[in-house]
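Observations on chain architecture
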Amino acid sequence: LPTNLSSLTNLVNFNLAFNVFSGFIPEGIGTLTNLRYLQLYRNGLQGTIPTNIYDLTSLEQMYLDVNMLTGPIPTELGKLTSLKILDLSDNRL
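The present account deals with the structure reproduced in this document. (Residues numbered from 1 in each chain as written. Predicted model: local features only at pLDDT ≥ 70, side-chain atom pairs only at ≥ 80, totals over all residues. Heavy atoms only, no water.)

Glancing now at the overall build of the protein chain. What the protein chain contains, in helices and strands, is zero helices and seven strands. Listing every helix and strand of the protein chain by position from the N terminus yields β-β-β-β-β-β-β. For a compact globule of 93 residues, the expected C-alpha radius of gyration is about 12 Å, and the protein chain comes in at 12 Å, within 12% of that figure. Projecting the C-alpha coordinates of the protein chain onto the three principal axes gives extents of approximately 30 × 25 × 20 Å. The buried share of the protein chain, taken over its 93 residues, is 42%. A sequence separation of at least 24 residues applies to 46% of the contacts in the protein chain between residues at least 6 apart. Total accessible area on the protein chain is roughly 4,900 Å²; 51% of this is exposed by carbon and sulfur atoms. For the protein chain, the centre of its 5 positive side-chain charges and the centre of its 7 negative side-chain charges are spaced 4 Å apart. (Helix = DSSP H or I, 4+ residues; strand = E, 2+ residues; numbered from the N terminus. Rg over C-alpha atoms; globule rule 2.2 N^0.38 Å. Buried < 20%, exposed > 50% of the residue type's maximum accessible area, 1.4 Å probe, protein only. Contact = heavy atoms within 4.5 Å. Areas by Shrake-Rupley, 256 points an atom, 1.4 Å probe, with all protein chains shown as cover. Lys, Arg positive; Asp, Glu negative; His and termini not counted. Charge placed at Lys NZ, Arg CZ, Asp CG, Glu CD.)

Below, the structure written as structure tokens:
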């Protein structure tokens, strides 16, 4: 995924599902404060979920399923008070 995501400050829907992206979710994703829908499912993403993703308090839907994400599911999920749908299935969490 591109590392310069932080410049897309007005982005509301970020959908890169069903691709063959590999690597890590960039830390810059946490600066997209207007983001409401994050769809990165069915890729080859690995590593942990970046902790600053939990600064996206407008986020309503987050689909990170069917990747190779690892580590614990962070307790910071509780900060996402607008979140209605969360799918982390088929990872290594």
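Bringing the packing of aromatic side chains into the picture now. Under the counting rule described, the total for this entry stands at two aromatic pairs. A centroid spacing of 5.4 Å and a plane angle of 80° characterise the contact between Phe18 and Tyr41, whose relative ring orientation is edge-to-face. With Phe18 in the loop between β1 (13-15) and β2 (22-23) and Tyr41 in the loop between β3 (37-39) and β4 (44-47), the pair connects residues that are 23 residues apart, well separated along the chain. Here Phe18 falls in the exposed class, since its relative accessible area comes to 56%. (Phe/Tyr/Trp six-rings, centres within 6.5 Å; stacked < 30°, edge-to-face > 60°.)

The next thing to look at is the sheet that holds strand β6 (residues 68-69). Sheet strands line up and pair through hydrogen bonds in the backbone, either parallel or antiparallel. Taken together, three strands build an open sheet; the order of strands is β2-β4-β6 and the sheet is parallel. The two strands at the open ends of the sheet, each matched to only one other strand, are β2 and β6. Of the pairings in the sheet, the one linking β4 to β6 comprises two bridges and is parallel in character. If you follow Gln46 over to β6, its bridge partner there is Met68. (Pairing = 2+ DSSP bridges.)

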